[in-house]
2 protein chains.
Amino acid sequence: MNLTTKLITAAEKLFDQHGYMATGMDRLTEAAGMSSRTLYKHAGSKTQLMALVLSERDRRFMARLEVESVDALFAALEDWVRVEGARGCLFLRSLAETGGETPEIAQAVTAHKEAFRQRVSDVVASDLGREDPVRAEQILILFEGATQAAIYRGADAVSAARSAAAILMGRARS
Amino acid sequence: MNLTTKLITAAEKLFDQHGYMATGMDRLTEAAGMSSRTLYKHAGSKTQLMALVLSERDRRFMARLEVESVDALFAALEDWVRVEGARGCLFLRSLAETGGETPEIAQAVTAHKEAFRQRVSDVVASDLGREDPVRAEQILILFEGATQAAIYRGADAVSAARSAAAILMGRARS
DNA sequence: GAAAATGTAAAACGACCGTTTTACATTGTG
DNA sequence: CACAATGTAAAACGGTCGTTTTACATTTTC
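Residues numbered from 1 in each chain as written. Chains lettered and ligands numbered in written order. Predicted model: local features only at pLDDT ≥ 70, side-chain atom pairs only at ≥ 80, totals over all residues.

Bringing the overall build of chain A into the picture now. Secondary structure assignment for chain A yields nine helices and zero strands. Along its sequence from the N terminus, chain A presents helices and strands in the succession α-α-α-α-α-α-α-α-α. By its C-alpha atoms, chain A is 60 × 30 × 30 Å across when sized along the principal axes. Every one of the 174 residues in chain A was classed for burial, and the buried ones make up 43%. For chain A, the share of sequence-separated contacts (at least 6 apart) that also reach a separation of at least 24 residues comes to 62%. (Helix = DSSP H or I, 4+ residues; strand = E, 2+ residues; numbered from the N terminus. Buried ≥ 20, exposed ≤ 12 C-beta atoms within 10 Å, placed from the backbone. Contact = placed C-beta atoms within 7 Å.)

Let us look at the interface of chain A and chain B. Each partner contributes to the interface: chain A provides 35 residues, whereas chain B provides 35 residues. Of all the elements in the fold, those that place two or more residues in the side of chain A that touches chain B are helix 1 (3-18), helix 6 (90-97), helix 8 (133-153) and helix 9 (155-173) of chain A. The dominant element in the side of chain A that touches chain B, judged by the number of residues it contributes, is helix 8 of chain A, at 13 residues. Grouping the amino acids of the side of chain A that touches chain B by side-chain chemistry returns 19 nonpolar, nine polar and seven charged. (Nonpolar A, V, L, I, M, F, W, Y, C, P; charged D, E, K, R; others polar.)

With an axial shift of 0.0 Å and an RMSD of 0.0 Å, the rotation relating chain A to chain B amounts to 180 degrees. One copy is carried onto the other by what is essentially a two-fold rotation axis. When C-alpha positions in chain A are compared against the rotation axis, the closest is assigned to Gly-145 of chain A, at 1.7 Å. Interface overlap between copies: 100% of the residues of chain A at the interface are likewise at the interface in chain B, consistent with a symmetric, same-surface contact. (Least-squares fit on C-alpha atoms with pLDDT ≥ 70 in both.)

This brings us to the protein's contact with DNA strand D. Close to DNA strand D lie 15 residues; Gly-24, Ser-45 and Lys-46 of chain A together with Met-34 and Thr-38 of chain B are nearest. For the surface near DNA strand D, the secondary structure elements donating two or more residues are helix 2 (25-32) and helix 3 (36-43) of chain A together with helix 3 (36-43) of chain B. Per element, the largest residue contribution to the surface near DNA strand D is four residues, and it comes from helix 3 of chain B. In terms of residue class, the surface near DNA strand D is made up of four nonpolar, six polar and five charged. (Near = placed C-beta within 6 Å.)

Lining the immediate environment of DNA strand C, one finds 15 residues, of which Met-34 and Thr-38 of chain A together with Gly-24, Ser-45 and Lys-46 of chain B sit closest. Elements supplying a minimum of two residues to the surface near DNA strand C: helix 3 of chain A together with helix 2 (25-32) and helix 3 of chain B. Per-element accounting of the surface near DNA strand C gives the leading share, four residues, to helix 3 of chain A. Among the residues making up the surface near DNA strand C, the classes are represented as four nonpolar, six polar and five charged.

These figures come from the coordinates and say nothing about function on their own.
Next comes the structure, spelled out in structure tokens:
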């Protein structure tokens, strides 16, 4: 595991658990086990580090959503919540913490959410055997809602979303 | 409009638009049009100010949800988004920014979310003429999802959630 | 084996943080 | 008129922020 990977892994964890602004560079250097000089050589700045974290998060998250049914989509979210916990969407959180005024971050969030929307749309189409933009938007909202509600309702939120999605998909098939 | 109200109003706007941690006291005093001495006399500390903001937000938000049907619930959310914009749930954002480590804030969030969950549950019961905990949880997730997705999908997210809720409620009635 | 690359440890940078204090002006009330 | 109460303006507080620099050790490479 090289230094950059170690840094990004540690930073993702700290940003997620304590918030972006609330995480200082001293905490990051300590958790990554490197000097601040090395950290800045690899990441450039705190903002660029956040962008690197989001890029890695996108890769890992989207890889989990390589499925072909809506039910599998929510099963993947259940896995994610069990393994990574539920503290809300790190992308929208980074946007909120920066007020949308940091271009590198706003851009990373937009790109991720568009990819996510497209993925949900594809899964719905693959599941139904045809495009259904309305249903896709509803499934996306259930997914976002489960992510958000899981913060205070736990894994139950995801299974409730899963059963709601099954009803909506059943309706789309008949 | 007294000073405390003016302060809370200004603080809510700044916290919502730029984030809690990213909003400094100088910005708050300037927006509220008062000296830092007066601000501290009224709010005590930045953390207590955040708690005051959340308390006022809870009052105003819950007042909007005094409805008797699930459809009216989403109509109320549409109004809210049109008037106040969509930057995500301020309660969960405050929790995320503080890492859940600030008791006064964690407590305000828990209280609000429990009241919100109960309200949704009541509205579903009033709409169906009977309790339906499973459906209530699904409606809550659609509501949270619409709030979250509206950040990047706009008002369309709310109407998509609204139509999904109508399907789920229709299913509960038959 | 010299040189370049890559790392650590720690001090220093100026800027800004939340908060308190000092000194003074205005106001409402007996 | 006196006197609390309540406000402003601005300096000062110690501490922490993100970032850079200095000085030195280790490893890699030709």
